[in-house]
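Letter by letter, the chains look like this.
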Amino acid sequence: MRWGCHLPRASWGPGLGRVLQPADERIPFLIHWSWPLKGERPLGPPRAFIRHHGSSAGSGPPSGRHGQLFQGIAAAEAIQRHRQNLAEWFSRLPREERQFGPTFALDTVHVDPVIRESTPDELLRPLAELALEHQPPSAGLPPLALSQLFDPDACGRRVQTVVLYGTVGTGKSTLVRKMVLDWCYGQLPAFKLLIPFSCEDLSSLGPAPASLCQLVAQRYTPLKEILPLMAAAGSCLLFVLHGLEHLNLDFRLAGTGLCSDPEESEAPAAIIVNLLRKYMLPEASILVTTRPSAIGRIPSKYVDRYGEICGFSDTNLQKLYFQLRFKQPDCGHGAGGFSATPAQRDHLVQMLSRNLEGHHQIATACFLPSYCWLVCATLHFLHAPTPAGQTLTSIYTSFLHLNFSGEMLDSTDPSKLSLMAYAARTMGKLAYEGVSSRKTYFSEEDVRGCLEAGIQTEEEFQLLHVFRRDALRFFLAPCVEPGHLGTFVFTVPAMQEYLAALYIVLGLRKTTLQRVGKEVAELMSRVGEDVSLVLGIMAKLLPLRALPLLFNLLKVVPRVFGRVVGKSRETVAQAMVLEMFREEDYYNDDVLDQMGASILGVEGPRCRSDEPTEDEVFELFPMFMGGLLSAHNRVVLAQLGCPIKTLDALENAQAIKKKLGKLGRQVLPPSELLDHLFFHYEFQNQRFSAEVLSSLRQLNLAGVRMTPLKCMVVAAVLGSGRHALDEVNFASCQLDPAGLRTLRPVFLRARKLGLQLNSLGPEACRDLRDLLLHDQCQVTTLRLSNNPLTAAGVALLVEGLAGNTSLKHLSLLHTGLGDEGLELLAAQLDRNQQLQELNVAYNGAGDTAALALAKAAREHPSLELLHLYFNELSSECRQALRDLGSTTEGGARVVVSLTEGTAVSEYWSVILGEVQRNLNSWDRGRVRRHLELLLRDLEDNRGATLNPWRKAQLLRVEGEVRALLEQLGGPGS
């Protein structure tokens, strides 16, 4: 997996009836205001609504005759109510947007996409084979700002009808939403009345006759009073027709007759045709948005200006979009806000900007504003608190829902095939073939082969032509990476894996045997009962022994086909599980870190940049397969025209569980184990996860950077389990106190808990104290070494020790306790009666504190071992500690050196093992000094003993110490 603003389509309809307070007419030119959708409110504060890169404001005032038309008190009040209702309706956002919190609300900041004027000659020019390349602007036609759409053309002619077109994801719906809101806030002075129509809404009416006045009155109740004035409104009346591809227009007089009366009832399509003909309300202005394939439905003689919505073709617009998104202040607290510090936000923006400036593939993807939205949503998922139940799969499913909900491939085709279903069949096939052959770069022949597979009729070719023009660029982009020019890649790498998984779970991948077998099985099931009845009668009347055999074969055929399908599911599950547990040298990070690095770029030089395509890994593919089988995503996919049958989902889940049960028992590297847990998180099925993970006894995530998201994933998957975990290892995971609180349900199941090397300070000890005091705590071994706990942290820990009954082994090695910490432990040690081992080595403690703790340990009823080596102890203190261990029977043994008398300590390997493990993190000079003292002690004891066996043991340990000194750069002798 390599690198890996759209604003959703407006949902328009009747019901815009609530009346709000009058708007403040003194709103500044560049600032609009929005509000929370609660109760009645003015069109004023509290939130700024900033416009960038052009504005629809600034058009000239209407002519005097038309400008006086709506000046009456009743008309002005009706239009004001209309503005307020439109503002509230167009400020409403889908749930998919609201889930990302106020920072990602669409009514916060907008960046206008580039609009370039085009000519009818360009539209008639033959389209490129794959229609993926963005055509450069024509000479002499600079980009258009929103304020220039209705300016006179180059010849000075008046512009009344403007058609804006763009492929899926370029921001047509967003542009319309902003223009309507501009008018609501008084930023379009050229138009006194704006009436938006959703062509999708009009198409749902079918051929049922209705007049233009009826259509307006049904949708915009306040305008009933001024409908008679529409005919005389002239150019100050603007109709916005959004999504023309949903209507099948016929401009032939034989198909659609002429009609100039707004009160005469006609089919909605006929009304639109006469508006565009300028036969009905000839002075009115009209703005049309459509996909490229539907441009030809309006004859060019009725269009004054064409504008192509080019998205963010300028990298500076992309960077501006991300800066405005990430630098918005949090509006309140909760799961929705992007809770990062200003420094963290600046770092994200800087890394993303560098990636865009480097002309990486991400800049090509962010050409479409919708993918800018996806990048922000993904980073929000990775770095901000995640709402309950939100998964990476649900983000991608929501992303497709925002872009393709309600979209048919071709409204004129009787099949009414959804655009997403067609994409899943064609792009899903290409994506899966790439995953199965381990490649991400596709030639033109590869793409054409998947698009044209199975096409035989003229209607199918027409559907393919529409898909190429309208949506192919949404999924595929030309590759800009050196060495792969001329090939195509999926717009974002993760989209390839998502579509491949969708292709599988929809059951679109079928072998020839499966296709033939299914047809035969369906045929046999249809005629089987009748044939079986006839054969049964014949078998009784005629002595034919073969008839019972044929009778049984009819029953066998459907079962044989079912087994073939089952074997296919098992094969897919096997491939998915193998991909999940696949280890690669370069791609050894967990999938979440891979995704973050792919978006933000990799700091420092990349190694192994010229790897062959065989080394490509697709670790998100199994994650998406599990996520698509979850109930929530299946509901959303059904709305997109891609239903997954419940029975198919259950059978796929059973096949996956069977394979996971076999391969999931093996010991996995930490990053692969996290991927396994992330798969279960995406699946969102606690019963399934509990059954598969019931054999998990060791959770080793050492070295994995545990972000808040990863902590939440682990807690969500393992926090509700019932069986105990023998060992939980989170060493060197960059945990913080918030991560400890999130992971507490998992810690409560652990017997051995490792939290070494996490930079946990005194504030984390408060959470550790609460963990030890929890009535369900079963931790017997707690390793906190190499964390700056200090004496302040130990003061909290001893409170937990006093009330804990399970802990037996506690390691506080190199935790900065000092004399104060050891004295505190000595004073409070007797409050715990179960502790058996205490390690306070390498804490900078002096003689007095060490002797006090050793005496307390000797008096403790259960303590057996106390580690005090590598503290700042004098030779006299070390000897006193040895003498203390030999004067009384029982009590704790004190480990202070590699020797005990003239013999080697049985704990010498433990001491040197700790040094070896922490050689790179400890103070090298300090460690060298301690090792030199130990080496001198070994040499002295070797000279003092006459036992040859002890001499040999001492020599062996001396060799180990010398080897460590050589690694530190010190003398070996």
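Preceding block: the structure.
Residues numbered from 1 in each chain as written. Predicted model: local features only at pLDDT ≥ 70, side-chain atom pairs only at ≥ 80, totals over all residues. Heavy atoms only, no water.

Novice: Help me understand the overall build of the protein, please; the structure alone is not making it clear to me.
Specialist: A count of helices and strands for the protein gives 37 helices and 22 strands. Relative to its full complement of 973 residues, the protein shows a buried share of 55%. When the accessible surface of the protein is totalled, it reaches about 40,700 Å², and 53% of it is carbon and sulfur. (Helix = DSSP H or I, 4+ residues; strand = E, 2+ residues; numbered from the N terminus. Buried < 20%, exposed > 50% of the residue type's maximum accessible area, 1.4 Å probe, protein only. Areas by Shrake-Rupley, 256 points an atom, 1.4 Å probe, with all protein chains shown as cover.)

Novice: Which parts of the structure should I look at to understand the sheet that holds strand β16 (residues 781-783)?
Specialist: What holds strands together in a sheet is hydrogen bonding between their backbones, with the strands either parallel or antiparallel. Read from one edge of the open sheet, 8 strands run β13-β14-β15-β16-β17-β18-β19-β20, paired in parallel fashion. Strands with a single pairing partner mark the edges of an open sheet, and in this sheet they are β13 (698-700) and β20 (893-895). Each strand axis lies, on average, 10° off the axis of its neighbour in the sheet, ignoring direction. As paired strands, strand β15 (residues 750-754) and β16 are joined by 3 bridges and run parallel to one another. Among the inter-strand pairings, K752 is bridged to a residue of β16, identified as T781. (Pairing = 2+ DSSP bridges. Axes fitted to C-alpha atoms, helices over the stretch in contact; angles between N-to-C directions.)

Novice: Please explain the sheet that holds strand β7 (residues 193-198) as it appears in this structure.
Specialist: An order of β5-β4-β10-β6-β9-β8-β7 is seen for the 7 strands of this open sheet, with the pairing classed as mixed. Among the strands making up the open sheet, the edge pair consists of β5 (143-144) and β7.

Novice: When you look at the pairing of β15 in this model, what are you seeing that I'm missing?
Specialist: Sheet faces and side chains relate simply in a regular strand, where the side chains alternate between the two faces. Two strands pair when backbone bridges link them, and strand β14 (residues 725-729) and β15 are joined in this way by 4 bridges, in the parallel orientation. What sits directly across from L725, in β15, is A750.

Novice: Is there a simple way to explain the environment of G257 in this structure?
Specialist: You can see G257 is positioned in the loop between β8 (237-242) and α8 (268-277). G257 sits 14 residues away from I271 along the chain, and the two C-alpha atoms are 9.8 Å apart.

Novice: Explain helix α27 (residues 708-718) to me, please; I cannot follow it from the model alone.
Specialist: For an α-helix the count is 3.6 residues per turn, leaving residues at separations of three or four pointing the same way. Across the 11 residues of α27, 8 count as buried, placing the element largely inside the fold. Taken together, the buried positions of α27 are occupied by L709, K710, C711, V713, V714, A715, V717 and L718. For α27, the secondary structure elements touched by its buried residues are α12 (369-383), α21 (591-600), α25 (670-683), β13, α28 (737-742) and α29 (744-747). (Contact = heavy atoms within 4.5 Å.)

Novice: Looking at this structure, I do not really get the packing of helix α18 (residues 493-505) against helix α22 (residues 620-628). What am I missing?
Specialist: In helix packing, the relevant descriptors are the interaxial angle and the interaxial distance, both defined with respect to the helix axes. Contact geometry for α18 and α22: axes closest at 8 Å, N-to-C directions at 50°. In terms of orientation, α18 lies oblique with respect to α22. Pair α18 / α22 crosses with right-handed handedness. When α18 is examined against α22, the residues A494, E497, Y498, A500, A501, L502, I504 and V505 are found in contact with a partner set consisting of L620, F621, F624, M625 and L628. Split by residue class, the contact of α18 with α22 holds 12 nonpolar, no polar and 1 charged. (Parallel < 35°, antiparallel > 145°, perpendicular 65-115°, else oblique. Left-handed = near helix turned anticlockwise from the far one by under 90°. Nonpolar A, V, L, I, M, F, W, Y, C, P; charged D, E, K, R; others polar.)

Novice: Even after reading the chapter, I still don't get the packing of aromatic side chains, so can you show me in this structure?
Specialist: Note on aromatic pairs: each is described by the distance of the centres and the angle between the planes. A full pass over the atoms with the stated rule returns 29 aromatic pairs. Ring geometry for F442 versus F490: centroids 5.8 Å apart, planes at 85°, classification edge-to-face. With a gap of 48 residues between them, F442 in the loop between α14 (419-436) and α15 (444-451) and F490 in strand β12 (residues 488-490) connect regions that are remote in the sequence. Residue F442 is classed as buried on the basis of its relative accessible area of 1%. Judged by its relative accessible area of 3%, F490 is buried. Within the aromatic cluster, the residues linked to one another by ring pairs are Y371, W373, F399, F404, Y422, F467, F474 and F475. (Phe/Tyr/Trp six-rings, centres within 6.5 Å; stacked < 30°, edge-to-face > 60°.)

Novice: Teacher, can you tell me more about the side chain of H242 here?
Specialist: Within the secondary structure, H242 is located in strand β8. Owing to a relative accessible area of 7%, H242 belongs among the buried residues under this scheme. Within polar-contact distance, the side chain of H242 engages the side chain of T289 at 2.5 Å. (Polar contact = N/O pair within 3.5 Å; in protein donor to acceptor, adjacent residues only side chain to side chain.)

Novice: Teacher, can you tell me more about the packing of helix α9 (residues 315-326) against helix α10 (residues 342-357) here?
Specialist: Relative orientation of the contacting elements α9 and α10 amounts to 165°, with a least axis distance of 10 Å. With respect to each other, α9 and α10 are oriented roughly antiparallel. When the axes of α9 and α10 are compared, the crossing they make is right-handed. Contacts between α9 and α10 pair T315, Q318, K319, F322, Q323 and F326 from the former with R345, V349, L352, S353, L356 and E357 from the latter.

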